[in-house]
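Topology and contacts: notes
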Amino acid sequence: MDIEDDDFTFNNILLDQADEVLDYRFLTQSLPKTGEKDFEPDGSAFQSNKIEDSKELMYSMLSQELKAHERQVVEGIFLPWEGQTLIVTIRGNYFRDIGRNIPFKNKSAVLLNKIETLYLVERGTLIVYLGNDKFRSYLDGLINSFSFRDLDPLNLQYVYGLLTSFEIEKYQVFAYLKRLGYLVQDYRHFVVQILPDEHHWLSPWRISWFGSSNRDLLGVNIKSIHYQTYSQILKKLSIIPSYAPYESLKENFNDSEFQIHYNVWKPRPAFSKKLPPTPDFQICITKAFPQLHDIRHLFNQLNHTALNIDFEDLEMRTKDHKLKHGTGRTIVLAIINNGVSFVNLSETQFSLTHKNKITGYVH
Amino acid sequence: MLDLAVIDSDVLVFDVNVVKQLRNLGILGNFMGSLAAAPQQNSFLGLPLKLSPYEILWLVDNRQANLVKHKGITRINNHKEPYFYTQYNNEPSELEAVDIEVIRRKANPSSYSIFCQLKHQGYYLLPGLKFGGEFIAYPGDPLRYHSHVIVHPVSEVNFYSLIVSGRLATGVKKLYVISEPDETDPTFNITFSIEWAGFG
């Protein structure tokens, strides 16, 4: 089985019941899908046999090993002094989003962090060895060659053991998203440029028309100012207060410990690791739901709106859609409660319009 | 007694036989690894099994498990088999005892108290965040039974959250139970269940 192929076949039967514990029976085609669980134990042998069957099935599923095709397996060396894994021979499709390419002995190599290393090890696609002094001499150029046979291979448990408790939680989120095929990178800041108003310049005769009027329109005195763009007039005419999301970016709330951890993209054919497009989702990993000032702090770290909005498409959307999903900044909270739950936080936009166009690039 | 290996302040179980023994004690944990049979989904996960602080405390306090830390490296010295890798190795290595206080700091005492009480009554407990509580309680192994109870320890009764949780519980066909350890005997919990009374 080619494990890089996306395999969503199970999702159909799982959608309804995702919140509760599932019987591993669902996974196998050979066993009858009873689907239904019981209300409570009735002491019958029938029920206890069913439980034993389910447990045995689960244990046998757990005992299976994840193996990658031999030609897809990559070898890497964990460098304890760097806390990273060096991969000299790059193979397969795993490094589209993860790892950092570095020049290495006139070639190119990849460095993985501990979480990325663990993900590939768990999938059986990476064999990782522990870098020793001899290998260090090779890196420093003191020796000309090395052999994997001089190094000790590490097992899965060891690689898990490299992580702190928080990194284990981070790994749970990372692996969850990677299993579903998302492209995941550590959060990087996007620098934003807010472009000046898109100038729909008023033609000269219109300026004079407004300028010469002495009337108050809806109580707004428009007589004594020169208006040069439509936006200026429309801003003045807006009598019910509202704001577009990026306009709420004000001071920083530095007393919050909440931060964004991952940039996430939907699967896409072309992806540049170095110059990625604007992320589709940005993930904050937390154990508790944030307070309002934490949320504002989070939004301030995302000092841009969702940049890849299709503005024409946006005009077509309904008001309800805009209020529900917002048209501005969105943060996904990954809440760890042993497992992972995802909550979407969007800034609702009551002004229902964008006054400025903005653009951004990754820093 | 089981030896459970601690990584930082978590317990991860890599051995399916230990998973079996824990399950027989009614300790479920939470799988967090990819399952070999279906690696690209998250509904069924595989080893390792991550235990919650309450499960760890219960195991240690009831003398079912010891916490240990592996010293040094556990190695598999087999260069021939290319797939040795994901084998979950139990090769004994030097062990070091771990202070349970590392775990106890992560647990809320009143949550632990109701956890122990329900565990003693034969319930299977899992984290209940998805249902707005501390735990959800199953009448038997969750592989076979639905849970009926959302449990949440409270120190004061807030009517606003009673309404919110009561409505939520009714919506997911469960009972919302609030609990508080008794002042005179902290191992005993006073519990109330919230249900919409359908007068009409």
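Residues numbered from 1 in each chain as written. Chains lettered and ligands numbered in written order. Predicted model: local features only at pLDDT ≥ 70, side-chain atom pairs only at ≥ 80, totals over all residues.

Moving on, we get to the overall build of chain B. Scanning chain B from terminus to terminus reveals 5 helices and 11 strands. Counting all 200 residues of chain B, 40% fall into the buried class. In chain B, the share of contacts with a sequence separation of at least 24, taken over all contacts with a separation of at least 6, comes to 52%. (Helix = DSSP H or I, 4+ residues; strand = E, 2+ residues; numbered from the N terminus. Buried ≥ 20, exposed ≤ 12 C-beta atoms within 10 Å, placed from the backbone. Contact = placed C-beta atoms within 7 Å.)

Another point: the domain arrangement of chain B. Residues and elements named next belong to chain B. Domain parsing of chain B yields domain 1 (2-104) and domain 2 (109-194). Listed as interface residues are 6 residues of domain 1 and, on the opposing side, 9 residues of domain 2. The residue makeup of the side of domain 1 that touches domain 2, split by class, is 4 nonpolar, 2 polar and no charged. (Domains from an automatic or database assignment. Nonpolar A, V, L, I, M, F, W, Y, C, P; charged D, E, K, R; others polar.)

On to unusual backbone geometry, then. Residues and elements named next belong to chain B. With an omega of 0°, the peptide bond running from L47 to P48 counts as cis. For D8, which is not glycine, the phi dihedral falls at a positive 55°. Position of D8 relative to the elements: it lies in the loop between β1 (2-7) and β2 (10-13).

Turning our eyes to something else, we now look at the nonpolar core. With 98 residues, the main nonpolar core has I283(A) and A137(B) as its most contacted residues. Per element, the largest residue contribution to this core is 6 residues, and it comes from helix α6 (residues 165-179) of chain A. (Core = buried A, V, L, I, M, F, W, Y, C linked by C-beta atoms within 7 Å.)

Okay, the confidence of the model for chain A next. All names here are of chain A. Taken over all residues, the pLDDT of chain A has a mean of 75, while the share at 70 or more is 66%. Highest mean pLDDT in chain A belongs to α6 (94); lowest belongs to helix α1 (residues 11-14) (42). A low-confidence stretch, residues 1-17 stays under pLDDT 50, and its non-local contacts, those more than four residues away or across chains, total 16 contacts. Overall, residues 30-34 carries pLDDT values under 50, and its contacts beyond four positions in sequence, including any with other chains, amount to 4 contacts. (pLDDT = per-residue confidence, 0-100.)

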